[in-house]
Amino acid sequence: MKWLLIPTCTLALLCASVQASRLSEYIASPELRAKLQEVYGGRAIQRAEAFSRLLTPRAGTTDQQKIELVNNYFNNLTYSDDPRLWGDEDYWANPLEFIGARGGDCEDYSISKYYTLMELGVEEKKLRLAYVKAVKYNQFHMVTLYFPTPKSDPLVLDNINSRILPGSQRTDLIPVYSFDAKSIWIMKSRREGTLAGSADRLAQWTSMKTRFSSEQLRSPRRQL
């Protein structure tokens, strides 16, 4: 399988108090801890502390080690579809909402992995989000892609299959479109893609960015 590599762009999604370089510090703030407890309950504080430890810089840690750590961490959270968890047909939780609720669906896993890897120092140009067709389940699905080099076969971080495999080995996934913080590309085939404009055309992506930048935390309709 040939996946589309999208050009790099500038991430400008978070306000000053939640910038990626200061995310760990922000998570430890009394204000956020109080908000997490109010919205998600006391155990959310423990999950936030575990997330903060994951964000602690590790000298000498390779990208491969980082993607394994992040993939394993988030895949331990609980899968729940949007109607049951959030009361919406399609809701893209930001990382703090995902951790606070203790679970979510494929978009939530993928978005959280994407942001966390950048927080850990993985170059933005190596990371993408991809919307795919999961053949086995006959449904659309989202994964995170990591490109070791611009021309590499990307590694796929997935909550369905926890093994981190090259895209060429994930014949169970058919690419539909891929995007980053700026651009979206529609897949014409497994080898070609067409630039379709700004990623802000994705309504759920824009909504998620707005909530993240304004520090909004949505309360789930059920506890996981």
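Scroll up to find the structure.
Residues numbered from 1 in each chain as written. Predicted model: local features only at pLDDT ≥ 70, side-chain atom pairs only at ≥ 80, totals over all residues. Heavy atoms only, no water.

A. Representation of helix H3 (residues 43-54) within the structure. In this model H3 runs 17 Å from its N-terminal to its C-terminal C-alpha over 12 residues, within 8% of the 16 Å that 1.5 Å per residue would give. Residues of H3 that are buried include every one of Ala 44, Ile 45, Arg 47, Ala 48, Phe 51, Ser 52 and Leu 54, and no others. (Helix = DSSP H or I, 4+ residues; strand = E, 2+ residues; numbered from the N terminus. Expected span 1.5 Å × (residues − 1). Buried < 20%, exposed > 50% of the residue type's maximum accessible area, 1.4 Å probe, protein only.)

B. Structural detail: the packing of aromatic side chains. Under the definition given, this model contains 14 aromatic pairs. For the pair Trp 92 and Phe 179, a centre-to-centre distance of 6.1 Å together with 20° between the ring planes defines the contact as stacked. Taken together, the residues span a long stretch of sequence, with Trp 92 in the loop between helix H5 (82-85) and helix H6 (95-101) and Phe 179 in strand S7 (residues 173-179) at a distance of 87 residues. For the pair Phe 179 and Trp 205, a centre-to-centre distance of 5.1 Å together with 80° between the ring planes defines the contact as edge-to-face. Placement of the pair is Phe 179 in strand S7 and Trp 205 in helix H8 (residues 203-213), with a sequence separation of 26 residues. Of the residues examined, Phe 179 reaches a relative accessible area of 0% and is grouped as buried. Accessibility expressed as a relative area gives 0% for Trp 205, which makes it buried. One aromatic cluster is present, formed by Trp 92, Tyr 114, Tyr 115, Tyr 131, Phe 140, Tyr 177, Phe 179, Trp 205 and Phe 212 through successive ring pairs. Here the guanidinium or amino end of Lys 133 rests over the ring plane of Phe 140, the centre of that ring lying 5.8 Å away. In this structure, Arg 218 packs its charged tip against the face of Tyr 91, placed 4.5 Å from the ring centre. (Phe/Tyr/Trp six-rings, centres within 6.5 Å; stacked < 30°, edge-to-face > 60°. Lys NZ or Arg CZ within 6 Å of the ring centre and 35° of its normal.)

C. Geometry of the environment of Ser 80. With respect to the helices and strands, Ser 80 occurs in the loop between strand S1 (78-79) and H5. In this structure Ser 80 comes out as buried when scored by relative accessible area, which is 1%. Sequence separation between Ser 80 and Cys 106 is 26 residues, and the spatial gap between their C-alpha atoms is 9.0 Å. Among residues more than four places away in sequence, those in contact with Ser 80 are Leu 85, Gly 104, Asp 105, Arg 222 and Leu 224. (Contact = heavy atoms within 4.5 Å.)

D. How the structure looks around the nonpolar core. Phe 51, Phe 74, Phe 179 and Trp 205 are the most contacted members of the largest nonpolar core, which has 54 residues in total. Considering every element that reaches this core, the biggest residue donor is helix H7 (residues 106-119), with seven residues. One finds Ala 130, Ala 134, Val 143 and Val 156 within the second-largest nonpolar core, a separate group that totals eight residues. (Core = buried A, V, L, I, M, F, W, Y, C linked by side-chain atoms within 4.5 Å.)

E. Main features of the pattern of salt bridges. With the rule as written, the count across this model stands at 10 salt bridges. Measuring nitrogen to oxygen at the nearest pair gives 2.9 Å for the salt bridge that ties Asp 88 to Arg 218. You can see Asp 88 sitting in the loop between H5 and H6 and its partner Arg 218 sitting in the segment after H8, a full 130 residues away along the chain. Among the charged side chains, a network of salt bridges with common partners joins Asp 63, Glu 123, Lys 125 and Lys 126. (Salt bridge = Lys/Arg side-chain N within 4 Å of Asp/Glu carboxyl O.)

F. Fine view of the packing of H3 against helix H4 (residues 63-75). Where H3 contacts H4, the axes come no closer than 11 Å and their chain directions differ by 170°. When the interaxial angle is binned, H3 and H4 end up roughly antiparallel. On the side of H3, the interface is formed by Arg 47, Ala 50, Phe 51 and Leu 54, while H4 contributes Leu 69, Val 70, Tyr 73 and Phe 74. Residue composition of the contact of H3 with H4, grouped by class: seven nonpolar, no polar and one charged. (Axes fitted to C-alpha atoms, helices over the stretch in contact; angles between N-to-C directions. Parallel < 35°, antiparallel > 145°, perpendicular 65-115°, else oblique. Nonpolar A, V, L, I, M, F, W, Y, C, P; charged D, E, K, R; others polar.)

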